[in-house]
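What the coordinates show
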Amino acid sequence: MEIDKIYEPQTKEKKWYKFWMDNGHFTPKIDPDKKPYTILIPPPNVTGILHMGHVLNNTYQDVMVRYQRMTGHPTLWLPGVDHAGIATQNVVEKELAKEGLTRFDVGRDKLVERIWEWKEQKGGRIIEQLKQLGASCDWSRERYTMDDVLSKAVRKVFVHLYEKDLIYKGNYIINWCPRCNTALSNDEVEHEDETGKLWHICYPFSDGSDFVTVATTRPETMLGDVAVAVNPNDERYKDKIGQTVLLPFIGREIPIIADEYVDMTFGTGCVKITPAHDPNDFMMGQRHGLEPILVMDDHGVMNENAGPLFVGMNRFDCRKKIVEQLQQQRLLAKIEDHQHAVGHCYRCATVIEPYLSDQWFVRMKPLGEPAIDVVNKGEVKFIPERWTKVYLHWMENIRDWCISRQIWWGHRIPAWYCECGEMIVSEEDPTTCPKCGSDKLRQDEDVLDTWFSSWLWPFSTMGWPEKTEDLEYFLPTNLLVTAPGIIYLWVARMIMSTLEFTGKIPFDTVFLHGMVLDEQGRKMSKSLGNSPDPIDLIAIYGADALRFSMIFNTPRGQDSYFSEGVIEHGRNFANKIWNAYRFIMMSVEKIEGLPADDEIELELADKWILSRLNQVTKEANEHFEAVRFNDAAQLLQEFIWKEFCSWYLELSKDRIYNDDNPKAQRTAKYILLHVLEQSMRLLHPLMPFITEEIWQSLKGMLPIEEEALIIANYPQADDCLIDANVDAKMQLVQDCISCIRNLRKQMGISPGKMVNVSIKVARGEQKAIIEDNLGYFSKLAKVEEMTCGTDVERPKPSLADVVTDIEIYLPLTGLVDIDSEIARLEKQEAKLAQDLGRIESKLNNESFTSRAPQEVVDKEKEKYEEVRVTLEKTRTLLDDLR
């Protein structure tokens, strides 16, 4: 058989992905007699391209899907993309800007048409990239949140919640992005700690008798003040309550009111009240019947209510001018530095403006109670479990959700207004007003928050509100894989909506993974230039290497640190597998049927590798079932690389070429093929391409009827083949061989040179195990002669080491020039001692440790420990030689 000397993943990965697609292996068949396994993809934005976070997230999903498919479940991984209202409209508006146009120039209908054109041309990029990663989604069921079926579900949900009085329209303070020109929900605002200013401003009493001082971080909003509030228990201001002050620049008389919400310890204890521009002030204004005054427009530009001095200025220029004017009028008492959290738009990073606006909201508390209940009962569980408390805390303190957005791309709110004042909320577009009969109806201009369609993802993707076969069979789904950052935006809301509209939970397990950081622990970002393109990495290393490396390098639920060196680990593993496969295929002929009992001659290594194979099989199944992907990767690499390739394969070489002993030869050949074939099954979920390539050629060597590895049975352990006694014997042999190898390495003895060893055992059974397997010592440690017993004395000169209660001696006579070796080591000892003293002196120098950067000090400490250990080993070696 002609086998490539080097594994080239690029062509093989494309070949096998096409094979899986052409044969429909990603599409499950509904079988009422079998329990399905379903995963819903967290839909990436239609504007998105693959990044390292996507790689980790989607590899996790694909690993579980491939594992469950091999266990016999009809397995559905349902893919799709999100229309990403704000992000997608921004992309197309930027293209318009290159033509010198704005969305207002082309109009709503034309803009929406342009966005659909963009989606058809460029919106599928991330899907194609996921295919390169090996994602085995059922692409025949691919969904898009603006598809007709999903859009129909959105309307039905809106109307249902409106009719239950769970959706309402009201004038409330919301988070407003002046750049994107739309409302944002609380969870779409990213807060960053910043050092700002706290301005102390004097408000004169109307009678000119005195003034009160208020402290604010946003002086520009003072133009909309309608009151000053103090705490009723604050002795400093009790006699001021009910008096009025004059608002600087505007001259409006505003009252001093009492409210227990005011924190007496913050600032001066006096708080300016601006109901139209602060959420807490809005609530206080409602309690006291204060009329809000809006002083800026939706672009953050001051309007006519801000007064002639400031009208037309943007909010930050207005802030500067107000401070200048206050200083000129001697109304600025002082300015302090102030650390506080500032909200930014999650899309464009613009500072958010709390803004009074007419918006649509969902009442969340009634929907949240059943969603709390299913988590408390364990029907929906979080991995890692610590996120359960985070979820419950948010749900128990949930606030209403602002769902309207002032953009044009998205699901338009199904509400129409008649000139008579009637509002119609309907699933179908109305033609006439039910109150007055007029056909002059105007639809609400706003669209729904993008998350309003994606919170329906578990059931809208399966055809709801129709009672489809998919909905009945595949819901509830099993595993949701996502990041903790959208536990509120998406996970919690899906639980609420699915319970409300189907009476089912959306999924039984939520697996929350960490972020992918660079080597310095920083988030990946284009601006930092630390975010590699996964497609470039796949082109260099292959998808298998990238997938395996990401899983292997990421402890469950924790952040991972990525560098290109991480992927080299996966590539090296793939190369190790390929080299072992190539050797086996070039050394072993086809086996016609399973060997009969009288054709088998098992020795210790055979029994051991079969025992280990079944132990690993058992543990791999346990790891995948418990969503411990990292543990599965480490387990399988340890077994395939070290135990199978580095130990068993080497021990089998003499037998597979030994024509004088047909039984031993046939046994070794069969077990090599069998273990390699089973290993490819075990590893397939993690490294699907190389395993399918190897397995397909092994299929012709063994009696296998399955068509493809992707749908082959996942191995199940045979407990009868797990033998702890065999494992213990082999472990003893391995430890002794490793010890001899280390002793040889210490003295730099050529790998091919035969040596003699003496082994002092503690018990007779140890002697029997070693002597029964002398061939292994000869093969892997190049031992020519061995003396073994309970009364063996240490030869002189020799090196010695200990394995549990066994002493192993390597006689040096005839192997090395003792005197020359002692002289060399003495020079090495002197230099190491000198280096250690120099480093120690530096670390004891307070001037160095206090002034040098911490990373420099840490490196010196690491160097000290490294030199100390080497010096200790050198002295031990000298003692042996002397």
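Refer to the preceding data block for the structure.
Conventions used here
Residues numbered from 1 in each chain as written. Predicted model: local features only at pLDDT ≥ 70, side-chain atom pairs only at ≥ 80, totals over all residues. Heavy atoms only, no water. Helix = DSSP H or I, 4+ residues; strand = E, 2+ residues; numbered from the N terminus. Buried < 20%, exposed > 50% of the residue type's maximum accessible area, 1.4 Å probe, protein only. Contact = heavy atoms within 4.5 Å. Polar contact = N/O pair within 3.5 Å; in protein donor to acceptor, adjacent residues only side chain to side chain. Patch = residues over 30% accessible without salt bridge, like charges linked within 9 Å, V, L, I, M, F, W, Y side chains within 5 Å. Areas by Shrake-Rupley, 256 points an atom, 1.4 Å probe, with all protein chains shown as cover. Salt bridge = Lys/Arg side-chain N within 4 Å of Asp/Glu carboxyl O. Lys, Arg positive; Asp, Glu negative; His and termini not counted. Charge placed at Lys NZ, Arg CZ, Asp CG, Glu CD. Pairing = 2+ DSSP bridges. Axes fitted to C-alpha atoms, helices over the stretch in contact; angles between N-to-C directions.

**Side note on the environment of Asn181**
- Within the secondary structure layout, Asn181 lies in the loop between β5 (167–177) and β6 (182–184).
- Its relative accessible area of 9% is what places Asn181 among the buried residues.
- As a C-alpha pair, Asn181 and Ser697 span 516 residues in sequence and 59 Å in three-dimensional space.
- The residues touching Asn181, leaving out its near neighbours within four places in the chain, are Arg103, Trp176, Asp298, His299 and Gln406.
- A polar side-chain atom of Asn181 sits 2.8 Å from the main-chain carbonyl oxygen of Asp298.

**A word on a negative patch on the surface**
- A cluster of acidic residues, Glu855, Asp858, Glu862 and Glu866, forms a negative patch at the surface.
- Mapped onto the fold, Glu862 is located in helix α28 (residues 854–881).
- Take Glu862: its relative accessible area is 56%, and that puts it in the exposed class.

**Observations regarding unusual backbone geometry**
- Here the amide bond leading from Trp464 into Pro465 is cis, since omega sits at 15°, within 30 degrees of zero.
- Position of Pro465 among the secondary structure elements: in the loop between α13 (457–460) and α14 (469–474).
- With a phi close to 60°, Asn181 is a non-glycine residue in the positive phi region.
- Positive phi, close to 55°, is recorded for Lys782, a residue that is not glycine.
- Owing to a relative accessible area of 30%, Lys782 belongs among the partly exposed residues under this scheme.

**Observations concerning the sheet that holds strand β18 (residues 415–418)**
- Reading across from one edge, β19-β18-β20 is the order of the three strands in this open sheet, with antiparallel pairing throughout. Looking at which strands have only one partner, the edges of the open sheet turn out to be β19 (423–425) and β20 (441–443). Between one strand axis and the next, the sheet turns through 30° on average, direction left out of account.
- With three bridges joining them, β18 and β19 adopt antiparallel strand pairing. Counted as the bridge partner of Tyr417 is Met423 from β19.
- Docked against the sheet, helix α7 (residues 148–163) engages β18, β19 and β20, running at close to 125° with respect to β19.

**Some remarks on the environment of Met264**
- Mapped onto the elements of the fold, Met264 is located in the loop between β11 (253–258) and β12 (271–273).
- Distance from Met264 to Glu235, taken between C-alpha atoms, is 10.0 Å for residues 29 residues apart in sequence.
- When neighbours within four sequence positions are excluded, Met264 is seen to be in contact with Asn231, Asn233, Asp234, Arg236 and Gly269.

**Notes on the pattern of salt bridges**
- Tallied over the full model, the rule gives 54 salt bridges.
- Ionic pairing is found between Glu95 and Lys122, a salt bridge with its closest N-O pair at 3.5 Å. On the criterion of sequence distance, the pair formed by Glu95 in helix α3 (residues 85–98) and Lys122 in helix α5 (residues 108–122) is long-range, its members being 27 residues apart.
- A relative accessible area of 25% means that Glu95 is categorised as partly exposed.
- Taking the shortest distance from any N to any O, the salt bridge between Arg868 and Glu872 comes out at 3.2 Å. Of this pair, Arg868 and Glu872 both sit in helix α28, four residues apart, which is roughly one turn of that helix.
- By relative accessible area, which is 28% here, Arg868 ends up partly exposed.

Taken by themselves, the reported measurements are silent on function.
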